[in-house]
Structures are given as C-alpha cells and as structure tokens.
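Below, each chain spelled out in residue letters.
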Amino acid sequence: MTAIERACSLVAAALDLGPEEVLADGTIGAVRGWDSLGHVKVLIAVEGALGRSLKAQETATIRSVGDIATLLGEPPAP
Amino acid sequence: MKLFSRKGKPVRLETERFVLTTTNRRDIARHSFPWTTDPEIMHPMGYGTKWTMRKWRRTYPRFNNRTRFCFAIRPKGSDTVIGYERITMDGHGNAILTVMIGDRGWWGKGTVQETRRAVIDFAFGTLGCARLAGYVLESNYPSIANYQMLGFQCEGVNRKLRRNLSGKGRLDMIIFSQLAEEWQALREKERAS
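Throughout, a residue's number is its position along its own chain's written sequence, starting from 1. Chain labels run from A onward and ligand labels from 1 onward, assigned in the order the entries are written. Local features in a predicted model are, by the rule used here, given only for residues with pLDDT of at least 70; side-chain atom pairs are given and counted only at 80 or more, and totals for whole chains, interfaces and linings are based on all residues. To get the side-chain values, take all heavy atoms of the structure and skip hydrogens and water.

**Describing the packing of helix α5 (residues 111–126) of chain B against helix α7 (residues 180–192) of chain B**
Residues and elements named next belong to chain B.
So, point 1. The N-to-C vectors of α5 and α7 enclose an angle of 125°; their axes lie 11 Å apart at closest approach. Taken together, the axes of α5 and α7 are oblique relative to one another. In terms of crossing hand, the pair formed by α5 and α7 is left-handed. Packed against α5, whose contacting residues are Arg117, Ile120, Asp121 and Phe124, the element α7 presents Ala180, Trp183, Arg187 and Glu190 at the interface.
So, point 2. Residues are sorted three ways: Asp, Glu, Lys and Arg are charged, Ala, Val, Leu, Ile, Met, Phe, Trp, Tyr, Cys and Pro are nonpolar, and all the rest, Gly among them, are polar. Split into classes, the residues belonging to the contact of α5 with α7 amount to four nonpolar, no polar and four charged. Axis lines are fitted to C-alpha atoms, over the contacting stretch for helices. Their N-to-C directions set the angle, which ranges from 0 to 180 degrees. To qualify as a helix, a DSSP run of H or I must reach at least 4 residues; to qualify as a strand, a run of E must reach at least 2; elements of each kind are numbered from the N terminus. Convention used here: angles under 35 degrees read as roughly parallel, angles over 145 as roughly antiparallel, angles from 65 to 115 as roughly perpendicular, and any remaining angle as oblique. We call a crossing left-handed when the near helix sits turned anticlockwise from the far one by less than a right angle, and right-handed when that turn is clockwise. A contact between two residues is defined here by any heavy atoms of the two lying within 4.5 Å.

Below is the structure:
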C-alpha cells in the first residue's frame, strides 16, 4: 500500500466514511466531515499512525490527504 | 491624542445565519463570564478557569470601533449571544483576529467559518487592512482547521510560549496570516466556481 493510499484510508476511517469518499486530492473543507471538529479526529489518527505527537509546524501544515501521505511516507525517527 | 480616543460608530455585519454587532467589554464580560469555568472553552485560548468578573473584564481592551472591534454573534431571530469575534488593528494595517464560541450547541456547525468570513471581508474591505493574523496554540486543532479552511498560511511558530493547562509541559503558538490580495484571489476563485 502506498503512502497516499494509507492516507486516504486513514482519513476515511477517522471521519467514518467509505473508502471511495476520500480521494488522493482530498483537502480539509472539501471532504465530507473534514471540518474543524473532523480535523481533530484526523490529526489524532495521524498521530496514532506515526506513533508520536505531531510537532506544531506539522499540525499547522496538514491540510490535505497529500500532506498526510508525505508525513506517513517519511522514515521513522531514529 | 483626540484622534486616537475618538470612537467609531457601531458596526453591524450579517451572514446567512448570524448577526454580528459591535459591543463593549462590560457586556462581553457579563455575557461570557459563565463560560470561564469551562476548560474546553478556556484552555485552548491559553486561559485558566478561575476568574472573578472584574479580572475577566480586564482581559479585554476598550473597544473603540475604529481600531479595536468586538462583535457579539447572535443567531438570526435570537437575542442570545453565542460567541464573539474580535479585530485588533495597529497603525500599519495589520490586524489580529480572535474568536470565542461559548455556546457548545454551535460547535461543529461551521459557525466560525461563516462569521469569520464576514469579519475578514470587513477587515480587508472596510478597514483597509493589508494583513490579518491569528495566533493559535498547537493543541487547538479546531482553530487550526478554521484558519486553514479560510486560506491562512502558517507563518511560523513561537516555541513553548504557553504552559499546557490541560496536560504537561509547554505549548507552541502557531502564527497564521493572510494578505489582502490572497483573500481577494480566494474570493474570486470561489465566485468563479
């Protein structure tokens, strides 16, 4: 599974959506349920997938499935 | 000095679901004081939950409706204040935005998106601001989302600026900003689509 596919399924699971409802070009505000409260669920799911808390700079720049895929695709910190 | 002490006229903004009217700090403190005991409202703003009315009132500046505005948000057809939007402008056309939605019944319903759009239009259009900024604690995910959805860019981070009132350690403060031309471009894009 690629990072973008993982990001899509992560967002879909966090927002309780079907996998077909979150596409690779999905963004905050455009995906159903990805609003201010939905964003809390998405960021908590990202933290769960990474196994660590997000840094402020990361939190501030996650606004799309692509941004999440970039984070998930990074090698784990040593 | 007279110029700076002169007050502007009251301002009224209207959105699809809400009416925003400028108000004063005494009324703000009186209406919002019951919210100060709720950690879910106060901690994301970096405030604790033990206040007296006098101390709470003093956290607000005097709003002059020229450079400092505080809008009470009321649903149309209701007298109940559900929150406040603030604009604080300096002499260089920079303004800082602040919001507080104290009525939990309006959380998760696009309230801030709708009211802040009107406030941003007012700040750029009527006040002639060149730049708007918002300061958000890193743990305040809903507020971060609201700035992102309105096209604000992350400018940077003030590291470990505040104590974490809901947990251990300290929290970074994220700085979001938007320029007048960016907002105009966003609005034109929305109209075109």
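**A closer look at the nonpolar core**
So, point 1. By convention a nonpolar core is built from buried Ala, Val, Leu, Ile, Met, Phe, Trp, Tyr and Cys residues, the set being connected through side-chain atoms within 4.5 Å. Relative accessibility under 20% of the residue-type maximum defines a buried residue, over 50% an exposed one, and the middle range a partly exposed one, all with a 1.4 Å probe and only protein chains included. Core analysis: the biggest nonpolar cluster contains 60 residues, and Val11, Trp34 and Ile68 of chain A together with Phe71, Ile87, Leu132 and Phe176 of chain B have the highest contact counts within it.
So, point 2. Broken down by element, the residue count for this core peaks at seven residues, all from α5 of chain B.
So, point 3. Among residues more than four places away in sequence, those in contact with Ile68 of chain A are Ala7, Leu10, Val11, Trp34, Val42, Val46 and Ile62 of chain A.
So, point 4. Formed by 13 residues, the second largest nonpolar core is a distinct cluster that contains Met42, Trp56, Val81 and Met100 of chain B.

**Describing the side chain of His43 of chain B**
All names here are of chain B.
So, point 1. Here His43 is to be found in the loop between α3 (39–42) and α4 (53–58).
So, point 2. Look at His43 and you get buried, because its relative accessible area is 18%.
So, point 3. If near-sequence neighbours (up to four positions away) are discounted, His43 is found in contact with Gly48, Thr49, Leu137, Leu165 and Ser166.

**Here's the deal with the side chain of Arg86 of chain B**
Residue and element names in this part refer to chain B.
So, point 1. Relative to the helices and strands, Arg86 resides in strand β4 (residues 83–89).
So, point 2. For the buried residue Arg86, which engages in no salt bridge, the nearest side chain bearing the opposite charge is Glu85, 9.3 Å off.
So, point 3. With sequence-adjacent residues up to four places away left out, Arg86 is seen in contact with Tyr60, Pro61, Phe63, Phe69, Cys70, Ile96, Leu97 and Thr98. Under this rule, positive means Lys or Arg and negative means Asp or Glu; His and the chain ends count for nothing. The rule for a salt bridge is simple: a side-chain nitrogen of Lys or Arg has to be within 4 Å of a carboxyl oxygen of Asp or Glu.

**Comments concerning α5 of chain B**
So, point 1. A helix's residues, less one, multiplied by 1.5 Å, set its expected span. For α5 of chain B, built from 16 residues, the straight-helix expectation of 22 Å at 1.5 Å per residue is met to within 8% by its first-to-last C-alpha distance of 22 Å.
So, point 2. One or two steps after α5 of chain B, the chain reaches Gly128 of chain B, where phi turns positive at roughly 75°.

**Examining the packing of helix α1 (residues 3–14) of chain A against helix α4 (residues 65–73) of chain A**
Residues and elements named next belong to chain A.
So, point 1. At their nearest, the axes of α1 and α4 sit 8 Å apart, and the two run at 120° to each other. Relative to α4, the element α1 is oriented oblique. By crossing handedness, the relation of α1 to α4 is classed as right-handed. On α4, the residues that touch Ala3, Ile4, Arg6, Ala7, Cys8, Leu10 and Val11 of α1 are Val65, Gly66, Ile68, Ala69, Leu72 and Gly73.
So, point 2. Of the residues in the contact of α1 with α4, the class split is ten nonpolar, two polar and one charged.

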